[in-house]
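Working through the structure, step by step
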Amino acid sequence: KQEVTQIPAALSVPEGENLVLNCSFTDSAIYNLQWFRQDPGKGLTSLLLIQSSQREQTSGRLNASLDKSSGRSTLYIAASQPGDSATYLCAVGSYQLTFGKGTKLSVIP
Amino acid sequence: GAVVSQHPSWVICKSGTSVKIECRSLDFQATTMFWYRQFPKQSLMLMATSNEGSKATYEQGVEKDKFLINHASLTLSTLTVTSAHPEDSSFYICSARDRWGSRDEQYFGPGTRLTVT
């Protein structure tokens, strides 16, 4: 059974700092890996999707990498802003996704 | 991108009553939709896969007689929580799969907060 772990559970950084969020998964035979953003009491916003044949994806200040052999993915956020404050979820699978518990990010002005 | 809506966005009901949550794909047809549940400070857990015109597939540990899923059209799936109890209080999120030609994407709804008193 696939298990997804995200570390740290919470992170607080000053505005402008670069940061890395970590995600690990137990079964390397994944289809896709996705990073989502969830604001309090809200649904999910898809940030980046990395297909199993890919190693990374970039969108603006976000960069996600995937290392299937080690069962890890990282989400890099450059020049963080207060608006980046949210919970970031990592999920693996095709459409029936297995989610991690998320990392709650607070960017302090 | 495509839009998935959920209704209601929040609902409070008394223990023992049933609650229906709707998930709609607004600008695409979705033969497959998924229902997730999220408890506070926990991850989203897949409850079931809803297939248009056929029975839903439930994940292990999810009671199919308690969580009734109907996917009667290509744009609507409903989740009915029957005889709700306080432990059913949770955030329910649906997603819909958009498959058309070479396009194959998944979109999430905004979620429904259920509180059972």
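The following refers to the structure shown. Here the structure is a predicted model, which means the values were calculated and not measured.

Residues and elements named next belong to chain B. The strand order across the open sheet formed by four strands is 1-3-8-7, and the pairing between neighbours is antiparallel. Among the strands making up the open sheet, the edge pair consists of strand 1 (4-7) and strand 7 (67-73). Taking each pair of neighbouring strands and ignoring which way they run, the sheet shows an average axis angle of 15°. Bridging between strand 3 (residues 19-25) and strand 8 (residues 76-81) involves six bridges; their strand directions are antiparallel. Counted as the bridge partner of I21 is L79 from strand 8.

This brings us to unusual backbone geometry. P8(A) follows I7(A) through a cis peptide bond whose omega is 0°. In this chain, H7(B) is followed by P8(B) through a cis amide linkage whose omega measures 0°. Within the secondary structure layout, P8(B) lies in the loop between strand 1 and strand 2 (10-13). Although it is not a glycine, K41(B) adopts a positive phi angle of roughly 60°.

All names here are of chain A. You can see N63 is positioned in strand 7 (residues 62-67). C-alpha separation for the pair N63 and T74, spaced 11 residues apart in sequence, amounts to 8.1 Å. With near-sequence residues (within four places) excluded, N63 lies in contact with L48, E56, Q57, T58, T74, L75 and Y76. Engagement of the side chain of N63 in a polar contact is seen with the side chain of E56, the distance being 3.1 Å.

Cut-offs used in this document
Residues numbered from 1 in each chain as written. Chains lettered and ligands numbered in written order. Predicted model: local features only at pLDDT ≥ 70, side-chain atom pairs only at ≥ 80, totals over all residues. Heavy atoms only, no water. Pairing = 2+ DSSP bridges. Helix = DSSP H or I, 4+ residues; strand = E, 2+ residues; numbered from the N terminus. Axes fitted to C-alpha atoms, helices over the stretch in contact; angles between N-to-C directions. Contact = heavy atoms within 4.5 Å. Polar contact = N/O pair within 3.5 Å; in protein donor to acceptor, adjacent residues only side chain to side chain.

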